[in-house]
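# Examination of the molecular architecture
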Amino acid sequence: MSLRPSSGARAIAGVGLYFSCNGLVFAALLPWYPLLVERLGLRSWEFGLVVASFALGAIISSVVPARLISRFGANAVVVGGTVLLGLSAAATAWSVNGWMMAACLFLVGFFDAIVDVAQNVVGIGVQERLSRVILSSMHALWSLGGLVSGAVATTAAANGMDMRVHLALITVASIIVIVVARRLIGDAVAGTRPSKFDVEDDAEAGAGASETAAASETAGARRPRSKRAILLMALPLAVVAICGTAVEDIANNWSALAAVEFSRVPAATAGIAFSVVIGSQCLGRFSGDFLVQRFGSSRIARLGGALIALGGIGVVTAIEPVALLLGLGLMGYGSATLVPGALGAAAHLPGVGKAGGVTLVNWMMRIGYLGTSPLVGVIAGLSTLRWGLSLLIVIGAVTMIFAGRLPGQQPQSR
């Protein structure tokens, strides 16, 4: 059953605020990294390990999102998770050493992963009921929230504002936004309490309608015979998603430091580098729905991989701000549709529920995400940061190789 136009518009607005709020919270912290590095006296390899705790927290969350969604519903998980995410990000500003910063980022990653799965489940549900692609635009709003938040944080840092005050205000604002978003969605979108991860659990739960039973029998012929087969089907999608998040991770943790080291940008204003990446990613995601609808996810992802590689070359060879920012912009635009495309395809993996597919690929994605910053940090420690960021070229090439595993046309409604 499709949504009425008014209900659909409110639901889209509410989900868009979910994504915007998620981007707003995390991005408020990132422009402060150069100042935190200076204050805590962290070396490149130490900083790489500290920020990797974010990905570790996301991995530890594991199957928690699917279980919480199954019990409480996706909307409740988004609201509660966002509150805890904001508090964890604000606590990072109080770090007195690398260990405390790592612990705070671990909690940020833990709650961010939970919110990420839940908001994608809501967004995919709306997309299917509208029978048109909207997920890239939802992720664009995540980027837009991060862009605005990052710009505000950069301005605050440049003007000497206390980061503890800034992050506390962001936490309060995020709670207000998420409550408004939940009210906009209301009861307009049913079905955001998806089935559990295992198909056997779904059968034991007892879905009774004959239509559902018939559909299950039809789907049964297409189900993989083992969890190993499901993992093998999910792996290529996860690789594409990892490439997208690896670009985001490098932008989050290293773009500002690269601006300082490569182009002699002052530390207080180096957050502009992050803003360029997330801004170009935002533009790519807003245009991504149309491009994916017209050409398919696989072709657009392959083009994105080429842009990531080209942008990586620009970054590692840059000696002035303009060239550096141009390279960052190309890699941001190229990464725009990778994560939405992979998660949208994950929701249709045979043999798992919607939340199960998204959780599985999201979890595998974050395992890969865990290694990105430590790898950049180790390479930078052994040679230079330019060599560390040359990983972007490899990411672009891998994206082009695995892009063919994404759908060639728009998702079909169920």
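This is a predicted model, so every value here is computed, not measured. (Residues numbered from 1 in each chain as written. Predicted model: local features only at pLDDT ≥ 70, side-chain atom pairs only at ≥ 80, totals over all residues. Heavy atoms only, no water.)

The next point concerns helix α3 (residues 44-61). Over its 18 residues, α3 runs 27 Å from end to end, which matches the ideal 26 Å to within 8%, given 1.5 Å per residue. Where α3 bends most, at Phe54, the angle is about 25°. Residues of α3 that are buried include every one of Phe47, Gly48, Val50, Val51, Ala52, Ser53, Phe54, Ala55, Gly57, Ala58, Ile59 and Ser61, and no others. Of the residues trailing α3, Ser62 is marked for its positive phi of about 45°. (Helix = DSSP H or I, 4+ residues; strand = E, 2+ residues; numbered from the N terminus. Expected span 1.5 Å × (residues − 1). Bend = angle between axes of the 7 residues up to and from the residue. Buried < 20%, exposed > 50% of the residue type's maximum accessible area, 1.4 Å probe, protein only.)

Another aspect to go through is the packing of aromatic side chains. One pass over the full model with this rule turns up four aromatic pairs. Between Phe47 and Trp254 the ring centres are 5.6 Å apart and the planes differ by 85°, which places this aromatic pair in the edge-to-face class. With Phe47 in helix α3 and Trp254 in helix α11 (residues 227-263), this pair connects stretches of sequence that are 207 residues apart. With a relative accessible area of 1%, Phe47 lands in the buried category. On the numbers, 5.4 Å between centres and 90° between planes, the contact of Phe110 with Phe111 is edge-to-face. Overall, Phe111 belongs to the buried group, its relative accessible area being 15%. In textbook terms, an aromatic cluster arises when at least three aromatic residues are bridged by ring pairs, as seen for Tyr33, Phe47 and Trp254. Geometry around Trp94 places Arg164 over its ring, the cationic atom sitting 4.6 Å from the centre. The aromatic ring of Phe262 is capped on one face by Arg386, whose charged end is 4.2 Å from the ring centroid. (Phe/Tyr/Trp six-rings, centres within 6.5 Å; stacked < 30°, edge-to-face > 60°. Lys NZ or Arg CZ within 6 Å of the ring centre and 35° of its normal.)

The subject of this paragraph is helix α4 (residues 64-72). For α4, every residue scored as buried is listed here: Pro65, Ala66, Ile69 and Ser70. Each buried residue of α4 lies within a common arc of 130° when the element is viewed along its axis, so the set occupies one face. Facing away from the buried side of α4 by over 90 degrees, the exposed positions are Arg67 and Arg71. Buried residues along α4 sit against α3, α5 (74-92), α6 (98-130) and α16 (354-382). (Arc of directions from axis to C-beta. Contact = heavy atoms within 4.5 Å.)

Turning to the packing of α6 against α16, a few remarks are in order. Running from N to C, α6 and α16 point in directions that differ by 135°, and their axes come no closer than 10 Å. Looking at the two axes, α6 sits oblique to α16. Handedness of the crossing formed by α6 with α16: right-handed. Contacts between α6 and α16 involve Asp112, Ala113, Asp116, Val117, Asn120, Val121, Ile124, Gly125 and Glu128 from the former and Lys354, Ala355, Val358, Thr359, Asn362, Met365 and Arg366 from the latter. (Axes fitted to C-alpha atoms, helices over the stretch in contact; angles between N-to-C directions. Parallel < 35°, antiparallel > 145°, perpendicular 65-115°, else oblique. Left-handed = near helix turned anticlockwise from the far one by under 90°.)

Judged by nonpolar contacts, the single largest core of 113 residues is most densely connected at Tyr33, Phe47, Met101 and Leu389. The element that contributes the greatest number of residues to this core is α11, accounting for 17 residues. If near-sequence neighbours (up to four positions away) are discounted, Leu389 is found in contact with Ile250, Trp254, Ala258, Phe262, Val315, Val316 and Val376. (Core = buried A, V, L, I, M, F, W, Y, C linked by side-chain atoms within 4.5 Å.)

Once that is clear, we can look at the packing of α3 against α11. Direction vectors running N to C along α3 and α11 enclose 155°, while the axes themselves pass 11 Å from each other. Classified by the interaxial angle, the pair formed by α3 and α11 is roughly antiparallel. Of the two elements, α3 crosses α11, and the hand of that crossing is right-handed. Taking contact as the criterion, the partners of Ser44, Phe47, Gly48 and Val51 in α3 are, on α11, Asn253, Trp254 and Leu257. Counted by class, the contact of α3 with α11 contains four nonpolar, three polar and no charged residues. (Nonpolar A, V, L, I, M, F, W, Y, C, P; charged D, E, K, R; others polar.)

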